[in-house]
Amino acid sequence: MATTTVPAVPLTSAALHQRRQWIKYFTWSLDHKVIGIQYLVTAFTFFLIGGILAMLIRVNLLTPDSGLFIDTATYNAVFSMHGTIMIFLFVIPVFVGFGNYFVPLMIGAKDMAFPWLNAFAFWLIPPAGLLLLAGWIVGPPGAGWTAYFPLSGPVYSHADGQTLWALALHLLGISSIMGAMNFLVTVKNLRVPSMTWFRLPLFVWAMMATAIIVLLATPFLSGALTLMLFDRLAGTNIFNPATGGDPLLWPNVFWFYSHPAVYIMVLPGMGMLSEVLPVFSRKPVFGYRAIAFSSMGIAVLGFVVWGHHMFTTLAPWTRIPFMVTSMIIAVPTGIKIFGWVGTVWRGKIRFTASMMFALGFLSLFVIGGITGVILASVPVDLQAHGTYFVVAHLHFVLFGGSVFAIMAGAYYWFPKITGRFLNERLGKVHFWLTYVGFLLSFLPMHISGLYGMPRRVAVYDPKFQAINILTSFGAFILGIGQLPFFINAAVSAVSGEVAPPNPWNALGLEWTTSSPPPEHNCDGDPVAAPDPYGYGTPMAVAYLAGERNMDVLLASGGHAAPHFAEQPAGGDR
Amino acid sequence: MNGRTLLRLILVSIGLLLAGLFVGATNQFMPTAASAEAQPIDALFNFMLVIATIIFLIVEGALLYSIIRFRKKPGDETDGPPIHGNTALELVWTAIPAVIVLGLSLYSFQVFADMQNDKDGTLVLHVKGQQFVWSFDYPHDPNVKLLSSSELHLPINVPIRMEIESADVMHGFWVPEFRIKQDAVPGRITEARFTPTLLGEYNVVCSELCGSGHGLMHNKVVVQSQADYDKFVTSLIEPEAQQPAPGEHNAAWGKHLILSNEYGCGGCHYLPDAGIAGQVGPTWVALADRAAGRVADEDAKTYLVNSILYPNKYVVSGYPANVMPQNFGQRMSDTDLNSIVDYLLQQTANPTANGTPAAKSP
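What counts and what doesn't
- Residues numbered from 1 in each chain as written.
- Chains lettered and ligands numbered in written order.
- Predicted model: local features only at pLDDT ≥ 70, side-chain atom pairs only at ≥ 80, totals over all residues.
- Helix = DSSP H or I, 4+ residues; strand = E, 2+ residues; numbered from the N terminus.
- Rg over C-alpha atoms; globule rule 2.2 N^0.38 Å.
- Buried ≥ 20, exposed ≤ 12 C-beta atoms within 10 Å, placed from the backbone.
- Contact = placed C-beta atoms within 7 Å.
- Axes fitted to C-alpha atoms, helices over the stretch in contact; angles between N-to-C directions.
- Parallel < 35°, antiparallel > 145°, perpendicular 65-115°, else oblique.
- Left-handed = near helix turned anticlockwise from the far one by under 90°.
- Nonpolar A, V, L, I, M, F, W, Y, C, P; charged D, E, K, R; others polar.
- Pairing = 2+ DSSP bridges.
- Core = buried A, V, L, I, M, F, W, Y, C linked by C-beta atoms within 7 Å.
- Expected span 1.5 Å × (residues − 1).
- pLDDT = per-residue confidence, 0-100.

A few points about the overall build of chain B
Item 1. The helix and strand tally for chain B stands at ten helices and 13 strands.
Item 2. Radius of gyration (C-alpha) of chain B: 29 Å, far over the 21 Å computed for a compact globule of 362 residues.
Item 3. The principal-axis extents of the C-alpha atoms in chain B amount to approximately 95 × 55 × 35 Å.
Item 4. Across the 362 residues in chain B, those meeting the buried criterion constitute 40%.
Item 5. In chain B, of all internal contacts separated by at least 6 residues, the share reaching a separation of at least 24 is 65%.

The following block contains the structure:
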């Protein structure tokens, strides 16, 4: 009898350990990896909620009358919630989640600089999300995610949901600001000695650029929301023209935050792309410094383009400077896109699910970028503003861009986070449903918009019905297409194929430790590769074989590689 | 670069240029052009499409070529060539887009500046946006009184300046065929300038979210000959004999308020006697017959007052809730409210009761 009880003891304690593992994700943890997973799971949960709302929108728009929602105010609430949730509770926090998990690992740090602040920043998000959703109980907000006054003021939005909306965004803004401060201090101070500025992975550069934007822009959102709460709760008239207030103050301050916020939502994704493309092309990223500096250029320029959201609102001549800056910001974006195409060019491409999403991003973001330039032109924007053309553009940038990058990152880093692979076959099904559904859904919107269909309408001219049925059909494919991902993640986290520490043969520091990493991330100070993207060089071969002596690595040659075989050696690095 | 590569490069460039020109020249992405401004805007748009097509084909082409040509060969586990960048190439793909966007800025500026010029013989019209209807006032002889109209009538080939105001929230004045869009901002008068050049009927739609009825907010635009326009404006003159004075419980004043679109009732409701033909809300024909008894304990008058002040209290079956503005309690004086209700109480199916013929029920 004794022989049977002895092996049972370690089994029980292991099971108990498993159980504790599971519970810790619901507790106040200071481990950046736990917090990262908390961010990711929370954000993907809101992705699901926002996605269901999108499906409701598309069901309603199958018919030109008010269809699903007899009450058009409910429709307004659905799209307002959809936009707010996707932006503030999915895309922004999901990148903070990836950043939380991977920035310390990528720079060889044991944790974020301020672990307590890190946990606090996360724990503001679930209550903010609940506060926003509680709007359904007291009368949901219906003024769009942009919440223009006077529509969002006490007279025209008397339900308390709009107040809860402002409070929820306030909490999320505070969370963002604390997270950004943490990222900047972490990257500045906690890099291992071998991780010099120009060995920094481009994802870390992108997170830094993002953190700078958050730190400078988000306080403006907080200020605007405070004024909104004063008008709604304290009887002030800051935005009320009848008593000397100005409704245009709101869009100006709101977009002064929210245009930079567009880059908060896409720069980290661009950083992920710069990680994924070189690994699966087996080639260095093309123009490392150009891509790093273009992130910073976008961060700076992003602050002087907000007026293009008001080309039909601002006094005519004030539109011109914003047109010029909005046009110019296409240049650093172009540098990135061309750099990524240059990365793939002449590579030896591995078509993993991660790589397919990364290539999908590239092919779709180009379209979003081009329509962005078209929208930047004041005369053309007079036709396109406030229509489905804008809805198409923003989804090409935020779904075709950000979400595709998020998925590329998810398939790429899942083995590191869980120690198990996501199923590749299911991943490819996920990719194709998403890609085809996306194009069917959002390409036709360009046409319906230019032909006269405004955005945010529950009822529309029957001449647009055919194009809306096509759009809805695409959206349903897109929506159903996300289910394989959620099933895959749930099943693979428990029983997926076990992943080695460095399954993709990548050079980043996060791959030098076990999968998943131990609580202290790694033993001692890890040594960064002299070139984070030096695929194809003898250095990479040596580094991947386990060589960690910096002198040997530098001597093995990874820097002075020729740009093109037919050209002499030399270049910008 | 050898001759063969050069030739291939030239051929590809010519192909790209032709593809761009083809898309720019043949696309049907914009609706009918019905204003003088639409032509230069469409030309600018088409020019941008030429460039957009070329850039699109270059990037997607390079991507597609890479995906096909540079996929890993089976069994090949080696890395690709360690190409870190190419300064000259990077400078080129920074400089060319920079030149393109600056050029597009200049071109766009030129088109926009031309639209801002004052033109001789400009006709100044006044637009008011309110939840969820537009109303239009026309310049006229100050000695006559002109009613507001819920249709925008414009004489062809006459430069127009619309002065736009809002009675409540922000709205967007947009006529897609004119390529003109301008927000109506409460507390400000904004302007839109254009010259209609094509006879026909169009729609002015609202392009800025203005509440639950946003999608319902559209009014007819008619571009017509100067003679027809003059005839239309004349039809808006309210004969002096019929001009009522504001007064408590004055049904004639109530009718005048509806006729003159003061509160936008005609955007949704139907009552030929008061010159309104909205289709969104419940009809007002013979309204007095239905008003009593609709809500328990409410006589016809109470029901009508409540329906104006608290539109969601009782919503007629088959019609959307929340579409009717809920702020008439703040906006409408007691005089106006009582007068409108008194006028509505006269709307019965029995023609002898109020002198109006039984109108068709929509």
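As for the overall build of chain A
Item 1. Helices and strands together make up the secondary structure of chain A, namely 21 helices and zero strands.
Item 2. Scaling as 2.2 N^0.38, a compact globule of 573 residues should have a C-alpha radius of gyration of about 25 Å, and chain A matches this with 24 Å.
Item 3. Along the longest, intermediate and shortest principal axes, the C-alpha atoms of chain A span 75 × 75 × 45 Å.
Item 4. Contacts in chain A between residues far apart in sequence, at least 24 positions, make up 80% of those at least 6 positions apart.

Some points on the packing of helix α8 (residues 202-234) of chain A against helix α11 (residues 288-301) of chain A
Residues and elements named next belong to chain A.
Item 1. Interhelical geometry of α8 versus α11 gives an angle of 10 degrees and a closest axis separation of 9 Å. In terms of orientation, α8 lies roughly parallel with respect to α11. Here the hand of the crossing between α8 and α11 comes out right-handed. Only Tyr288, Ile291, Ala292, Ser295, Met296, Ile298 and Ala299 of α11 make contact with α8, whose side of the interface consists of Leu202, Trp205, Ala206, Ala209, Ile212 and Ile213.

A word on the interface of chain B and chain A
Item 1. Each side of the interface is counted separately: chain B has 75 residues, and chain A has 86 residues.
Item 2. Of all elements in the fold, only α2 (38-69), α3 (87-116), β7 (180-184) and β9 (200-206) of chain B reach the threshold of two or more residues within the side of chain B that touches chain A.
Item 3. Looking at the side of chain B that touches chain A residue by residue, the classes come out as 41 nonpolar, 23 polar and eleven charged.

Observations concerning the sheet that holds strand β1 (residues 123-130) of chain B
Residues and elements named next belong to chain B.
Item 1. An order of β2-β1-β5-β8 is seen for the four strands of this open sheet, with the pairing classed as mixed. In this open sheet, the two edge strands, each paired with only one partner strand, are β2 (133-137) and β8 (190-194). Each strand axis lies, on average, 25 degrees off the axis of its neighbour in the sheet, ignoring direction.
Item 2. Bridge count for strand β5 (residues 160-166) against β8 is five bridges, and the pairing is antiparallel. Each residue of the ladder has a partner; that of Ile160, found in β8, is Phe194.

Remarks on the nonpolar core
Residue and element names in this part refer to chain A.
Item 1. Judged by nonpolar contacts, the single largest core of 251 residues is most densely connected at Val204, Leu273, Val276, Phe357, Ala358, Phe361 and Ala408.
Item 2. Ranked by residues supplied to this core, first place goes to helix α3 (residues 72-107) with 24 residues.
Item 3. Apart from the residues lying within four places of it in its own chain, the contact partners of Phe361 are Leu273, Gly400, Gly401, Phe404, Ala405 and Ala408.

So, the environment of Gln279(B)
Residues and elements named next belong to chain B.
Item 1. Its location among the elements puts Gln279 in the loop between β13 (276-277) and α6 (287-291).
Item 2. By C-beta crowding, Gln279 is classed as exposed, having 11 other C-beta atoms within 10 Å.
Item 3. Considering only alpha carbons, one finds Gln279 and Leu18, 261 residues apart in sequence, at a separation of 49 Å.

Things to note about helix α1 (residues 3-26) of chain B
Item 1. Its 24 residues give α1(B) an end-to-end C-alpha distance of 34 Å, which sits within 8% of 34 Å, the value for a rise of 1.5 Å per residue.
Item 2. Counting buried positions along α1(B) gives one out of 24 residues, so the element sits mostly on the surface.

Side note on the packing of α3(A) against helix α16 (residues 388-418) of chain A
All names here are of chain A.
Item 1. At their nearest, the axes of α3 and α16 sit 11 Å apart, and the two run at 30 degrees to each other. Between α3 and α16, the angle falls in the class roughly parallel. Seen along the crossing, α3 lies across α16 with a hand that is left-handed. For the pair formed by α3 and α16, the contact residues are Val91, Val94, Phe98, Tyr101 and Phe102 on the first element and Leu398, Ser402, Ile406, Gly409, Trp413 and Ile417 on the second.
Item 2. Counted by class, the contact of α3 with α16 contains nine nonpolar, two polar and no charged residues.

Focus: the confidence of the model for chain B
All names here are of chain B.
Item 1. Confidence along chain B averages 88 in pLDDT terms, with 95% of residues attaining 70 or more.
Item 2. Mean pLDDT across the secondary structure elements of chain B bottoms out at helix α10 (residues 351-354), with 49, and peaks at strand β6 (residues 171-175), with 97.
Item 3. When the criterion is pLDDT under 50, residues 353-362 qualifies, and its contacts beyond four places in sequence or with other chains add up to 16 contacts.

Re the sheet that holds β7(B)
Residue and element names in this part refer to chain B.
Item 1. Within the open sheet, the five strands sit side by side as β4-β10-β9-β6-β7. Their pairing is mixed. Single-partner strands in this sheet number two, and they are β4 (152-155) and β7. Between one strand and the next, the sheet's axes are offset by a mean angle of 25 degrees, whatever the strand orientation.
Item 2. Sheet topology places β9 next to strand β10 (residues 218-224); six bridges connect them, and they run antiparallel. Within the sheet, the bridge partner assigned to Val204 lies in β10 and is Asn219.
Item 3. Strands in contact with helix α4 (residues 226-235) are β4 and β10; relative to β4, the strand with the most contacts, it is inclined by about 140 degrees.

A short note on helix α17 (residues 424-450) of chain A
Item 1. Across its 27 residues, α17(A) extends 39 Å between first and last C-alpha, which sits within 8% of the 39 Å expected from 1.5 Å per residue.
Item 2. Where α17(A) ends, the next residue or the one after it, Gly452(A), has phi of about 125 degrees, a positive value.

Notes on the pairing of β9(B)
Item 1. Bridge count between β6(B) and β9(B): two bridges; the pairing is antiparallel. Bridged to Phe173(B) within β9(B) is Cys206(B).

Quick look at the confidence of the model for chain A
All names here are of chain A.
Item 1. When pLDDT is averaged along chain A, the result is 91; 93% of the residues meet or exceed 70.
Item 2. Taken as a whole, residues 1-11 scores under 50 in pLDDT and shows zero contacts with residues more than four places along the chain or in a different chain.
Item 3. Here residues 560-573 is modelled with pLDDT under 50, and outside its nearest four sequence neighbours on either side it reaches 27 contacts, counting other chains as well.

Things to note about the environment of His446(A)
Item 1. Mapped onto the fold, His446(A) is located in helix α17.
Item 2. Leaving out residues up to four positions away in the same chain, His446(A) has contacts with Thr371(A), Phe389(A) and Ala392(A).

Describing unusual backbone geometry
Item 1. The amide bond that connects Phe149(A) to the next residue, Pro150(A), takes the cis arrangement and shows omega of 0 degrees.
Item 2. Residue position: Pro150(A) is located in the loop between α6 (135-138) and α7 (161-189).
Item 3. With an omega dihedral of -5 degrees, the bond running from Gln131(B) to Phe132(B) counts as a cis peptide bond.
Item 4. Structurally, Phe132(B) can be placed in the loop between β1 and β2.
Item 5. The phi dihedral of Asn157(B) falls on the positive side, at around 60 degrees, and the residue is not glycine.
Item 6. A positive phi angle, close to 55 degrees, is found at Ala286(B), a residue other than glycine.
Item 7. Along the chain, the position of Ala286(B) falls in the loop between β13 and α6.
Item 8. Residue Ala286(B) is classed as partly exposed on the basis of its C-beta count, with 17 C-beta atoms lying within 10 Å.

Structural notes on the environment of Met445(A)
Residues and elements named next belong to chain A.
Item 1. Mapped onto the elements, Met445 comes out in helix α17.
Item 2. Its 25 C-beta neighbours within 10 Å are what place Met445 among the buried residues.
Item 3. It is 30 Å that separates the C-alpha atoms of Met445 and Leu277, two residues lying 168 residues apart in sequence.
Item 4. Aside from chain neighbours lying at most four places away, what touches Met445 is Tyr388, Phe389, Val391, Ala392 and Thr471.

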